[in-house]
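Results of the structural survey
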Amino acid sequence: MADSVSLTRSEVAAMIDHTLLAPEATSADVTALVAEARELGVYAVCVSPAMLPVRAPGVVVATVAGFPSGKHHSLIKGAEARLAVDQGAAEVDMVIDIGAAVAGDYAAVLADIIVVREAIDQRAVLKVIIESAALTDEAIVEVCRAAEQAGADFVKTSTGFHPAGGATPHAVQLMAQTVGNRLGIKASGGIRTAEAAADLITAGATRLGLSRTRTVLDGFPE
């Protein structure tokens, strides 16, 4: 039983993006994802842009851009995000140019995010995936500052595909300290238990990206 935070199952469910980004995902898998999302009472489903449009009454539809490497031209990320929003996505999780962040070129990171923000305007929530496990603490702080300056709505730890790893309480706490309550904090990548989810929420996460949603929620009290 998760006890790091005093949250109920339904309260945690309302923070979750129920996620299916596997490259082998089928339309039938997405239909099943939406059905499970509605059953579990989660906030959103997050699917690959090629799976849009998705009919999900009562559930927010999110997607990704520049995923998972971030090594796409900014204009491609922007076009991908704009098309996704045109097809019904209410939230877009974009991946930064991680190499630019590693190199300390935060101006390039800023410019990349601005292109996507301008491409979707304010028609959708923009979450910025920083791949925190691949960055130093200094880079995490600077990239979060760039995301805020560019007009993002959230900063997000991870794609869940990087070999360096996923979300950690340390990274989430650092991100939360940097952006305060001005931006949301989404933790994702490697969250497999209620205890891990609770630790990330305690550290400052306001949204969770999960693929093992039912297992995690089963660890919280009704």
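Residues numbered from 1 in each chain as written. Predicted model: local features only at pLDDT ≥ 70, side-chain atom pairs only at ≥ 80, totals over all residues. Heavy atoms only, no water.

Rules: UniProt positions are given in the numbering used here, feature names are shortened, and annotations may be inferred rather than shown by experiment.
In the annotation of an unreviewed UniProt entry, the entry for the protein chain reads Deoxyribose-phosphate aldolase, and the organism field reads Nocardia flavorosea. You can read under Function (unreviewed entry) in the UniProt record for the protein chain the words "Catalyzes a reversible aldol reaction between acetaldehyde and D-glyceraldehyde 3-phosphate to generate 2-deoxy-D-ribose 5-phosphate." Taken directly from UniProt, the Catalytic activity (unreviewed entry) text for the protein chain runs: "2-deoxy-D-ribose 5-phosphate = D-glyceraldehyde 3-phosphate + acetaldehyde".

Focus: the UniProt feature "active site" (unreviewed entry) in the protein chain
This is how it is decided: Cavities and pockets were defined on a 1 Å grid built from protein atoms only: a cavity is a group of points that admits a 1.4 Å probe but offers it no way out, a pocket is an open group of points flanked by protein on both sides within 12 Å along at least five of seven lines, and a lining residue is one with an atom within 4 Å of any such point. Under the DSSP-based scheme used, a helix requires at least four consecutive residues in state H or I and a strand at least two consecutive residues in state E, with every element numbered from the N terminus. For every residue, the accessible area obtained with a 1.4 Å probe (protein chains only) is divided by the maximum for its type, and the residue is called buried under 20%, exposed over 50%, and partly exposed between those limits. By definition in these notes, contact holds between two residues if any of their heavy atoms fall within 4.5 Å.
On the UniProt side, "active site" (unreviewed entry) is annotated at positions that read Asp93, Lys156 and Lys186 here. Over a stretch of 94 residues, the named residues converge on one spot in the fold, their C-alpha atoms separated by at most 9.9 Å. Lining residues of the largest pocket drawn from the annotated list: Lys156 and Lys186. As for its position among the elements, Asp93 is in strand S4 (residues 91-95). On the basis of relative accessibility, which here comes to 0%, the residue Asp93 falls in the buried class. Contacts of Asp93, omitting those with residues within four sequence positions, involve Thr63, Val64, Ala65, Lys127, Ile129, Lys156 and Lys186. Within the secondary structure, Lys156 is located in strand S6 (residues 154-156). Lys156 gets classed as buried once you look at its relative accessible area, which sits at 3%. Setting aside anything within four residues of it in sequence, one finds Lys156 in contact with Asp93, Val128, Ile129, Ile130, Glu131, Met175, Lys186 and Ser188.

Let's talk about the environment of Asp93
Convention followed: For the purposes of these results, a polar contact is taken to be a pair of N or O atoms within 3.5 Å, where, inside protein, one atom must be able to donate a hydrogen and its partner to accept one; residues adjacent in sequence count only when each atom of the pair is a side-chain atom.
Between the alpha carbons of Asp93 and Ala65 there is a distance of 6.1 Å; along the sequence they are 28 residues apart. Side chain to side chain, Asp93 and Lys156 meet in a polar contact 2.8 Å long. Side-chain polar atoms of Asp93 contact the side chain of Lys186, separated by 2.8 Å.

Some remarks on the nonpolar core
Basically, it comes down to this: Here, nonpolar core means buried Ala, Val, Leu, Ile, Met, Phe, Trp, Tyr and Cys residues that are tied together by side-chain atoms lying within 4.5 Å of each other.
Counting residues in each nonpolar core, the largest one holds 81 residues, and the members touching the most others are Ile96, Ile113, Val128, Ile130 and Leu208. The element best represented in this core is helix H6 (residues 137-150), accounting for eight residues. Residues in contact with Leu208, not counting those within four places in the same chain, are Val12, Met15, Ile16, Asp17, Lys186, Ala187, Ile191, Ala197, Leu200 and Ile201.

Remarks on the layout of surface pockets
Over the atoms a probe the size of a water molecule is rolled, and this reveals where empty space is left. Rules: Grid points are joined across faces, edges and corners, and a volume is the space filled by probe spheres set on the points. When residue character is reported, Ala, Val, Leu, Ile, Met, Phe, Trp, Tyr, Cys and Pro are called nonpolar, Asp, Glu, Lys and Arg charged, and the others, Gly included, polar.
Reported here for the largest pocket is a volume of approximately 430 Å³. In terms of lining, the largest pocket is formed by 23 residues, of which the most central are Thr159, Gly160, Gly189, Gly190 and Ser211. Grouping the amino acids of the lining of the largest pocket by side-chain chemistry returns seven nonpolar, twelve polar and four charged.

Description of the pairing of strand S2 (residues 44-47)
The following threshold applies: Each pair of strands is called paired provided DSSP finds at least two bridges between the two strands. Consider the strands pointing away from the viewer: the crossover is right-handed when the path from the first strand over the helix to the second runs clockwise.
Side chains Ala44 and Cys46 project from S2 onto one buried face, and the interleaved Val45 and Val47 project onto a second face that is buried too. Sheet analysis places strand S1 (residues 16-20) next to S2, joined by four bridges and oriented parallel. Each bridged residue has a counterpart across the sheet, and for His18 the counterpart in S2 is Val45. Between S1 and its parallel partner S2, the chain crosses via helix H2 (residues 27-40), and the hand of that crossover is right-handed.

Overview of H6
Quick reminder of the rule: Each residue after the first adds 1.5 Å to the expected span of a helix.
The end-to-end C-alpha distance of H6, which contains 14 residues, comes to 20 Å, matching closely the 20 Å that a straight helix rising 1.5 Å per residue would cover. Buried within H6 we find Ala139, Ile140, Val141, Val143, Cys144, Ala146, Ala147 and Ala150. Taken together, the buried residues of H6 touch helix H4 (98-102), helix H5 (106-120), strand S5 (125-129), S6 and helix H7 (169-179). Residue Gly151 follows H6 closely and has a positive phi angle near 95 degrees.

Comments concerning the pairing of strand S7 (residues 184-188)
Note on strand geometry: in a regular strand, side chains alternate between the two faces of the sheet. Of all five residues that make up S7, five are buried, and the element is covered over most of its length. Going residue by residue along S7, you find Gly184, Lys186 and Ser188 tucked away on one face and Ile185 and Ala187 tucked away on the opposite face as well. When S6 meets S7, the two strands line up parallel, connected through three bridges. Residue pairing in the sheet places Phe154 in a bridge with Gly184 of S7. Note that the unit made of S6, H7 and S7 has a crossover that is right-handed. The pairing of S7 with strand S8 (residues 207-210) spans three bridges and is parallel. Pairing of Ser188 across the sheet is with Gly209, part of S8.

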